[in-house]
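Survey of secondary and tertiary structure
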Amino acid sequence: MSRLAELLGSETEATRWKESRARGLVLWHRLAEDKALALVEAAVAEHDPAILAEPGQVWTRRPEADPGLPAVLYLTHWLDRDRLVAEDGGRTGTGVILLPLLYAYELDYWRPV
């Protein structure tokens, strides 16, 4: 079972999610369907938050990342295409994070909302 399937509960759900994300890329960015699906597949394999990040997810700090960053982030919602609201369950509470910051983290748990 793939990591995405583990997070979503089944390979069927993982396939549905990837196809849905690819459809969004076709509509929003006018990519060809095959290219959009290939982009999503590559992003899933690379744990790329630019494609993966969604509300309801828990991301954990990568071992090589700055130890000053919160250890865990729970994504609650998007503010715009580059900023998310996240709870860290610790000293800073809830705050806005820039999408690029998620590259210091990896998707650990997904509770679809």
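Up top is the structure.
These numbers come from a predicted model, not from an experiment. (Residues numbered from 1 in each chain as written. Predicted model: local features only at pLDDT ≥ 70, side-chain atom pairs only at ≥ 80, totals over all residues. Heavy atoms only, no water.)

The strand order β4-β3-β2-β1-β5 describes an open sheet built from five strands, whose pairing is antiparallel. Looking at the sheet topology across the chains shown, the edges are occupied by β4 (94–98) and β5 (105–110). Sheet twist, expressed as the mean angle between neighbouring strand axes with direction ignored, is 40°. Of the pairings in the sheet, the one linking strand β1 (residues 57–61) to strand β2 (residues 72–80) comprises three bridges and is antiparallel in character. Bridging from a neighbouring strand, W59 pairs with L73 of β2. (Pairing = 2+ DSSP bridges. Helix = DSSP H or I, 4+ residues; strand = E, 2+ residues; numbered from the N terminus. Axes fitted to C-alpha atoms, helices over the stretch in contact; angles between N-to-C directions.)

Quick look at the side chain of R62 now. Along the polypeptide, R62 turns up in the loop between β1 and β2. Within the structure, the side chain of R62 is placed 3.0 Å from the backbone oxygen of Y105, a separation counted as a polar contact. Residues contacting R62, with those up to four places away along its chain left out, are H47, Y103, A104, Y105 and E106. (Polar contact = N/O pair within 3.5 Å; in protein donor to acceptor, adjacent residues only side chain to side chain. Contact = heavy atoms within 4.5 Å.)

Moving on, we get to unusual backbone geometry. Of note in the backbone geometry, R30 takes a positive phi value of approximately 55° without being a glycine. Mapped onto the elements, R30 comes out in the loop between α2 (11–29) and α3 (33–46). Overall, the relative accessible area of 75% leaves R30 in the exposed class. With a phi close to 60°, H47 is a non-glycine residue in the positive phi region. With respect to the helices and strands, the residue H47 is situated in the loop between α3 and α4 (49–52). The exposure class assigned to H47 is partly exposed, which follows from its relative accessible area of 29%. (Buried < 20%, exposed > 50% of the residue type's maximum accessible area, 1.4 Å probe, protein only.)

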